[in-house]
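The primary structure of each chain is shown beneath.
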Amino acid sequence: MRAAALLVSALAAHALRPGAVRPARATLPRSIAEPQTPSAATPQPPDVESTATSMPAALAEVWGAIADAPPGGARLLFPRCAALHNPKIHSALFEHLEVCKDSCDTFGSSVIAAPGPGGSVIVKGGRERVDTWDNLVEDDDDDDDWLSPEMKAMLAGMEEDDDAAPAAATCPHVGGMDDAGVLECSKDWVNAIVSDAGICPFSLSADRAGLPLGDVRYDVMREADAESSYAWFWREVDWLDNHPKCATSLLIMADPFWTRNMEAFENFGAALTQALQTGTESRARGLGLESQIQLVLFHPAYVFRDGADRTGEDGAANFARRSPAPMVNILRTPQVKAAQKGLPTGLVYQQNEATLKEIGVDRLGEMLDARDWAAMEDVKVDRSQIEVLKMARKMMADGGVLSTDDLSKTGGAAVAAKQSIEATCPMASAAAAPALEPAAAAAAPAS
């Protein structure tokens with residue numbers, strides 16, 4: 001790290017960043033223009049006709065083009081996406097892209113996007129990936145000649161400290177695992193913390209959750225740049241759109257960059273959240289997708305913003321969102337509303353805080369650092385004795401379950417029970433079982 005970069009890092013340090021992180025990128029000039037019309041003097045990029053029929057599918061293609069911009073550019077046509085032919089939504093798309101620029105590497109510098117006629121999107125730029133922040137601050141050492149000898153000595157000492165304590169030491173990541181290892185680790189965490197501890201009352205196991213119960217999908221991403229990550233996210237939303245039997249998706253961002261740079265992850269999540277809204281405090285119009293999906297973010301260093309004064313950065317309640325790797329959980333809005341209607345959110349928060357406080361910060365931190373939740377076997381919650389969890393189990397039973405869903409178990413035990421039933425009756429998972437009677441559901445023993 002150069003001296004100039006260290007100086008800016010010292011001035012712009014973020015309280016939640018674990019260890020040495022890349023500073024926030026500099027604000028770049030905006031490049032949104034009025035819809036472009038062909039002219040004889042300006043060569044036009046080739047047309048690429050999309051088959052997308054929905055906004056998520058269109059966004060996936062837009063970000064795919066931005067992440068890997070063709071040398072001559074491209075004009076993306078969306079004849080089947082009715083939403084983009086609405087001028088207000090077309091304009092809102094570019095307001096959303098503006099929001100995303102702050103977390104991007106090339107978009108807004110070497111790659112630009114502009115509105116075209118008829119709901120089209122024009123993408124121009126080269127393939128060479130450029131980190132705009134690095135271009136501004138990571139240059140020749142000669143550029144820091146204006147610093148005093150004392151300042152240079154102080155910055156040199158900071159550089160030595162950074163080398164001695166890399167970010168990975170303070171915030172372990174799953175970068176050394178292959179995809180199978182990342183998936184197994186993530187499912188172990190979901191089974192132990194989310195399901196067994198009852199953090200999500202509607203999570204039966206790592207494989208089954210929601211209201212009504214449905215499958216949980218996982219996807220592991222290795223990209224470190226925001227452009228590819230946005231494309232990956234919208235492809236997953238489009239996939240979920242076309243697979244109604246899947247209740248939810250967990251997108252796992254396995255590259256160490258996202259673990260080490262909490263601010264970059266937060267910016268990424270905030271830009272996605274803006275797309276769901278119809279408007280924001282900055283008056284940037286969202287795309288109004290909140291009626292379809294909602295998001296929950298997880299990170300190894302997560303801190304509840306609204307609870308920092310109550311719990312502190314090291315409060316046990318934060319472990320409800322501290323996962324082994326950064327994750328984006330895509331939820332179906334109708335399921336979220338159904339859950340909130342029958343189960344007050346405040347009761348869930350209170351129960352989670354009490355459960356995690358009983359387990360203890362030290363124990364939770366040790367399990368997360370070791371990526372081993374075997375100790376949770378001793379502290380499973382009894383869902384038959386906790387009112388909010390009893391209510392949730394009744395709602396799941398009333399919503400309909402499969403013959404392989406054993407509501408008396410959670411986490412790994414529920415997975416094992418499902419596998420045992422499937423082994424003896426291969427067709428069981430395809431046959432829906434009738435909903436349990438409310439009394440039977442309430443009386444069923446917990447794991």
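Residues numbered from 1 in each chain as written. Predicted model: local features only at pLDDT ≥ 70, side-chain atom pairs only at ≥ 80, totals over all residues. Heavy atoms only, no water.

**Brief notes about the overall build of the protein chain**
When you go through the protein chain residue by residue, the secondary structure sums to 17 helices and 11 strands. Here the protein chain holds 447 residues, and 49% of them are scored as buried. When the accessible area of the protein chain is evaluated, it comes to approximately 20500 Å², of which 53% is carbon and sulfur surface. (Helix = DSSP H or I, 4+ residues; strand = E, 2+ residues; numbered from the N terminus. Buried < 20%, exposed > 50% of the residue type's maximum accessible area, 1.4 Å probe, protein only. Areas by Shrake-Rupley, 256 points an atom, 1.4 Å probe, with all protein chains shown as cover.)

**Structural notes on helix 3 (residues 87-100)**
Over its 14 residues, helix 3 extends 20 Å from the first C-alpha to the last, a length consistent with the 20 Å expected when each residue adds 1.5 Å. Of the surrounding elements, those touching the buried residues of helix 3 are helix 2 (55-67), strand 3 (111-115), strand 4 (121-125), helix 8 (226-241) and helix 10 (262-276). N-capping of helix 3 is provided by Asn86, with a side-chain oxygen placed 2.9 Å from the backbone N of Lys88. (Expected span 1.5 Å × (residues − 1). Contact = heavy atoms within 4.5 Å. Polar contact = N/O pair within 3.5 Å; in protein donor to acceptor, adjacent residues only side chain to side chain.)

**A closer look at the sheet that holds strand 2 (residues 74-77)**
By way of backbone hydrogen bonds, the strands of a sheet pair with one another, either parallel or antiparallel. Reading across the sheet, the 4 strands line up as 1-2-4-3 and stay open at both edges, with mixed pairing between neighbours. Single-partner strands in this sheet number two, and they are strand 1 (47-49) and strand 3. Averaged over neighbouring strand pairs, the angle between their axes works out to 25 degrees when direction is ignored. Lying over the sheet, helix 3 contacts strand 3 and strand 4, oriented at roughly 160 degrees with respect to strand 3. (Pairing = 2+ DSSP bridges. Axes fitted to C-alpha atoms, helices over the stretch in contact; angles between N-to-C directions.)

**Description of unusual backbone geometry**
Of note, the bond from Leu211 into Pro212 is cis; its omega dihedral lies within 30 degrees of zero at 0 degrees. Tracing the backbone shows Pro212 in the loop between strand 5 (208-209) and strand 6 (214-221). For Arg371, which is not glycine, the phi dihedral falls at a positive 55 degrees. With respect to the element layout, Arg371 can be found in the loop between helix 14 (361-370) and helix 15 (387-399).

**Overview of the pairing of strand 7 (residues 246-253)**
Of all 8 residues that make up strand 7, 8 are buried, and the element is covered over most of its length. With helix 8 bridging strand 6 and the parallel strand 7, this β-α-β connection has right-handed handedness. Across 5 bridges, the pairing between strand 7 and strand 9 (residues 327-332) is antiparallel. Each bridged residue has a counterpart across the sheet, and for Thr248 the counterpart in strand 9 is Leu331. (Right-handed = clockwise from strand over helix to strand, strands pointing away.)

**Quick look at the state of the cysteines**
Under the counting rule described, the total for this entry stands at 0 disulfides. Of the cysteine sulfurs around Cys100, a residue in no disulfide, the closest is that of Cys104, at 6.2 Å. (Disulfide = S-S within 2.5 Å.)

**Examining the nonpolar core**
Core analysis: the biggest nonpolar cluster contains 55 residues, and Trp63, Phe78, Tyr230, Phe233, Trp234, Trp258 and Val328 have the highest contact counts within it. Per element, the largest residue contribution to this core is 9 residues, and it comes from helix 2. Dropping the residues within four chain positions of it, Trp258 is found in contact with Met221, Glu223, Ala224, Asp225, Ala226, Ser229, Met253, Ala264, Phe265, Phe268, His299 and Pro326. (Core = buried A, V, L, I, M, F, W, Y, C linked by side-chain atoms within 4.5 Å.)

**What to know about the pattern of salt bridges**
Counted by the stated rule, this structure contains 13 salt bridges. For Arg208, the salt bridge is made with Asp405, and the minimal N-O distance between the two is 2.6 Å. Here Arg208 is found in strand 5, whereas its partner Asp405 is found in the loop between strand 10 (401-402) and helix 16 (411-424), with 197 residues between them in sequence. Relative accessible area serves as the criterion here: at 5%, Arg208 is assigned to the buried category. A salt bridge links Arg217 to Glu236; its shortest N-O distance comes to 2.4 Å. Taken together, the residues span a long stretch of sequence, with Arg217 in strand 6 and Glu236 in helix 8 at a distance of 19 residues. Accessibility expressed as a relative area gives 25% for Arg217, which makes it partly exposed. (Salt bridge = Lys/Arg side-chain N within 4 Å of Asp/Glu carboxyl O.)

**Topic: the side chain of Asn191**
The residue Asn191 is located in helix 7 (residues 179-196) in this model. With residues near it in sequence (within four places) discarded, Asn191 still touches Asp196, Ser205, Ala206, Gly411, Gly412 and Val415.

**Structural notes on helix 14**
Burial in helix 14 covers these residues: Leu364, Gly365, Met367 and Leu368. Relative to the axis of helix 14, the buried residues are bounded by an arc of 165 degrees and lie together on one face. Along helix 14, exposed side chains directed more than 90 degrees from the buried face belong to Asp362, Glu366, Asp369 and Ala370. Looking at the residues trailing helix 14, positive phi occurs at Arg371, about 55 degrees. (Arc of directions from axis to C-beta.)

**So, the confidence of the model for the protein chain**
Averaged over all residues, the pLDDT of the protein chain equals 79, while 71% of them reach at least 70. Mean pLDDT across the secondary structure elements of the protein chain bottoms out at helix 17 (residues 438-443), with 30, and peaks at strand 9, with 98. Throughout residues 127-144 the model reports pLDDT below 50, and contacts reaching past four residues in sequence, or to other chains, amount to 38 contacts. Taken together, the stretch residues 158-169 has pLDDT below 50 and engages in 13 contacts with residues farther than four places along the chain or on a different chain. (pLDDT = per-residue confidence, 0-100.)

**Topic: the sheet that holds strand 7**
Across the sheet, which stays open at both edges, the 5 strands sit in the order 5-6-7-9-8 with mixed pairing between neighbours. Taken across any chain shown, the strands that pair with only one partner, and hence form the sheet edges, are strand 5 and strand 8 (293-298). Those strands touched by helix 10 are strand 7, strand 8 and strand 9, and its axis lies near 170 degrees from that of strand 8.

**A short note on the packing of aromatic side chains**
For the structure on display, the rule yields 8 aromatic pairs. Each ring, one from Phe257 and one from Trp258, has its centre 5.1 Å from the other, and the planes form 75 degrees; the classification is edge-to-face. Across the pair, exposure class does not vary: Phe257 and Trp258 are buried alike. Pairwise contacts between aromatic rings join Trp63, Phe107, Tyr230, Phe257, Trp258 and Phe268 into one cluster. Taking the ring centre of Phe107 as reference, the NZ or CZ of Lys101 above it sits at 5.4 Å. Here the basic side chain of Arg322 rests over the ring of Phe319, its NZ or CZ set 4.9 Å away from the ring centre. (Phe/Tyr/Trp six-rings, centres within 6.5 Å; stacked < 30°, edge-to-face > 60°. Lys NZ or Arg CZ within 6 Å of the ring centre and 35° of its normal.)

**So, the environment of Ala82**
Within the secondary structure layout, Ala82 lies in the loop between strand 2 and helix 3. The exposed category is assigned to Ala82, whose relative accessible area is 63%. Sequence separation between Ala82 and Met55 is 27 residues, and the spatial gap between their C-alpha atoms is 8.8 Å.

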